[in-house]
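One letter stands for each residue in the lines below.
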Amino acid sequence: MCSSDLAELKLKVGFLGCPTNPGVPEEAVFKTALGRLDEACAFAAEIGCSRMMTTVLSSTDIAPEEWRKIVLDRMHTMAPILERHKIRVAVENLAPLHFRKRLKFEFLYTVPEIVALCKDGGPSFGLCLDAWHWHHSGGTVKDILDAGKSQVVAVHLDDARKQPAGQVQDSQRVMPGEGVINLTGFLRALRQ
């Protein structure tokens, strides 16, 4: 399958999963996945896809300042491969408490924190703006506006039930309009 096959079907790939996650706890896992990044980027470029997506865990057993430096070093290692193929990686914040409390320290889980990480990581990285995670992180319309167009690389549109923060699980999304997220504000901010 190549970009002409997709064009014939009138399809365009929005993004692919990035095989290399700079936020995995194990260095060996990162290095193994880094070895697959060039091939995955070449495939993405071949099918006309210029975006990939990953997450960074919102908790860590390493002191957050030290862990942020490790994640950034890994992002800088990935950047030349991404740049060669003209691929940008969208990094999604993971907001629910069950992610933030999994390990010893809370780590980056809000839109502004992820945007700052991506800016420090370089132009190959930007935000995967997920309405559900944005909502559960206490996100505001201002967070989206402050991120700016150049930082929003991918968008997930979903909704959430009203429930206590301690009961929220990542699998509990509902269809847009069936929940309590301010999707009107979210979409208006994106339009701006």
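Because the structure is a prediction, the values reported are computed rather than measured.

S.K.: I would appreciate a short explanation of the side chain of Arg 74 in the present structure.
M.R.: Secondary-structure assignment places Arg 74 in helix H3 (residues 64–85). With sequence-adjacent residues up to four places away left out, Arg 74 is seen in contact with Pro 22, Gly 23, Val 24, Pro 25, Glu 26, Glu 27, Phe 30 and Trp 67.

S.K.: Would you mind showing me how to read the nonpolar core here?
M.R.: Nonpolar side chains tend toward joint burial in soluble globular proteins. The biggest cluster of nonpolar side chains holds 43 residues, and the ones touching the most others in it are Leu 37, Met 52, Met 78, Leu 82 and Phe 125. When residues of this core are traced back to their parent elements, those giving at least two are helix H2 (27–46), H3, strand E4 (88–92), helix H5 (111–121), strand E6 (125–130), helix H6 (131–136), helix H7 (141–147) and helix H8 (183–191). Considering each element in turn, this core owes the most residues, 7 residues, to H3. Grouped together as the second largest cluster of nonpolar side chains are 5 residues, Met 53, Cys 128, Val 153 and Ala 154 included.

S.K.: Is there a simple way to explain the pairing of E4 in this structure?
M.R.: On a regular strand, each side chain points to the face opposite its neighbour's, so the side chains alternate between the two faces of the sheet. Among the 5 residues in E4, 4 count as buried, and that is most of the element. As paired elements, strand E2 (residues 51–55) and E4 share 5 bridges and run parallel to each other. Bridge pairing in E4 links Met 52 to Val 89.

S.K.: Even after reading the chapter, I still don't get the pattern of salt bridges, so can you show me in this structure?
M.R.: Should the charged atoms of two oppositely charged side chains come close, the side chains can pair. Taken as a whole and judged by the stated rule, the model has 10 salt bridges. We note a salt bridge from Asp 73 to Lys 69, for which the minimum N-O separation is 3.0 Å. Taken together, the residues span about one helical turn, with Asp 73 and Lys 69 both in helix H3 at a distance of 4 residues. It is possible to trace a salt-bridge network through shared partners that takes in Asp 130, Asp 158, Asp 170 and Arg 173.

S.K.: Explain the sheet that holds strand E7 (residues 152–156) here, please?
M.R.: Whether parallel or antiparallel, the strands of a sheet pair through hydrogen bonds between backbone atoms. Spatially, E1-E2-E4-E6-E7 is the arrangement adopted by the 5 strands of the open sheet, whose pairing is parallel. Edge positions in the open sheet fall to strand E1 (16–17) and E7, since each of these has one partner strand only. Where E6 meets E7, 4 bridges bridge the pair, whose relative direction is parallel. Within the sheet, the bridge partner assigned to Leu 127 lies in E7 and is Val 152. Against the sheet, H5 makes contact with E4 and E6, and its axis sits at roughly 160° relative to E6, the strand it touches most.

The rules behind the values
Residues numbered from 1 in each chain as written. Predicted model: local features only at pLDDT ≥ 70, side-chain atom pairs only at ≥ 80, totals over all residues. Heavy atoms only, no water. Helix = DSSP H or I, 4+ residues; strand = E, 2+ residues; numbered from the N terminus. Contact = heavy atoms within 4.5 Å. Core = buried A, V, L, I, M, F, W, Y, C linked by side-chain atoms within 4.5 Å. Buried < 20%, exposed > 50% of the residue type's maximum accessible area, 1.4 Å probe, protein only. Pairing = 2+ DSSP bridges. Salt bridge = Lys/Arg side-chain N within 4 Å of Asp/Glu carboxyl O. Axes fitted to C-alpha atoms, helices over the stretch in contact; angles between N-to-C directions.

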